[in-house]
Amino acid sequence: MFPKYNVIVVGAGHAGCEAAVAAANMGSKVLLVTMNMNTIAQMSCNPAMGGVAKGQIVREIDALGGYSGIMTDYSMVQLRRHSFPTRRSSDLIE
């Protein structure tokens, strides 16, 4: 009657999404619970992802197979305009 889950993750911020993906990649049936469907995986601190401290954490998450760095690259909030003067950010995403 009710679906059964191996893992239930409460909170769909950075850590919650990383935990849900990690459990799903290991074969678990995962339920991700959030209070606001509009803010799932919202990266409010995205511009800080390339900083010294946060950049180190993102590289460690990436080395463990996480998605924080990948999603940061796709959103491109942290890039400056002068980094790609002749291209629009939409041209860089395939």
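The structure we're discussing is the one just above.
Every value quoted in this text rests on a predicted model; they were computed, and no experiment measured them.

A.B. asks: Describe the overall build of the protein, with residues and values.
C.D. replies: Helix and strand content of the protein: four helices and two strands. If you list the helices and strands of the protein from N to C, you get β-α-β-α-α-α. Put simply, 41% of the contacts in the protein that link residues at least 6 apart link residues at least 24 apart. For the protein, the exposed area adds up to about 7,200 Å²; of that, 59% sits on carbon and sulfur atoms.

A.B. asks: Could you give an account of the packing of aromatic side chains, with specific residues and numbers?
C.D. replies: Scanning the model with the defined rule gives zero aromatic pairs in all. Between Lys29 and the ring centre of Tyr5, over which it is positioned, the NZ or CZ distance is 5.3 Å.

A.B. asks: I'd like a description of the environment of Ile57, backed by residues and values.
C.D. replies: Residue placement: Ile57 occurs in helix 2 (residues 52-63). Residue Ile57 is classed as partly exposed on the basis of its relative accessible area of 44%. The spacing of Ile57 and Gly69 is 12 residues in sequence and 9.5 Å in space, taken between C-alpha atoms.

A.B. asks: Residues and numbers for the pairing of strand 1 (residues 7-10), please.
C.D. replies: By the bridge criterion, four bridges tie strand 1 to strand 2 (residues 30-33) in an arrangement that is parallel. Paired with Val10 across the bridge in strand 2 is Val33. Remark: the strand 1/helix 1 (residues 14-25)/strand 2 crossover connection has right-handed handedness.

A.B. asks: I'd like a rundown of the side chain of Glu18, residues and numbers included.
C.D. replies: Considering the arrangement of structural elements, one finds Glu18 in helix 1. Apart from residues lying up to four places away in sequence, Glu18 is in contact with Ile61, Gly66, Tyr67 and Ser68.

A.B. asks: Could you give me a rundown of helix 1, with the residues and numbers involved?
C.D. replies: In a regular helix each residue adds 1.5 Å, so 12 residues correspond to 16 Å; helix 1 covers 16 Å between its end C-alpha atoms and thus fits that length. When helix 1 is considered as a whole, its buried residues turn out to be Gly16, Cys17, Glu18, Ala20 and Ala23. Two residues or fewer after helix 1 comes Gly27, characterised by a positive phi angle close to 95 degrees.

Rules used in this analysis
- Residues numbered from 1 in each chain as written.
- Predicted model: local features only at pLDDT ≥ 70, side-chain atom pairs only at ≥ 80, totals over all residues.
- Heavy atoms only, no water.
- Helix = DSSP H or I, 4+ residues; strand = E, 2+ residues; numbered from the N terminus.
- Contact = heavy atoms within 4.5 Å.
- Areas by Shrake-Rupley, 256 points an atom, 1.4 Å probe, with all protein chains shown as cover.
- Phe/Tyr/Trp six-rings, centres within 6.5 Å; stacked < 30°, edge-to-face > 60°.
- Lys NZ or Arg CZ within 6 Å of the ring centre and 35° of its normal.
- Buried < 20%, exposed > 50% of the residue type's maximum accessible area, 1.4 Å probe, protein only.
- Pairing = 2+ DSSP bridges.
- Right-handed = clockwise from strand over helix to strand, strands pointing away.
- Expected span 1.5 Å × (residues − 1).

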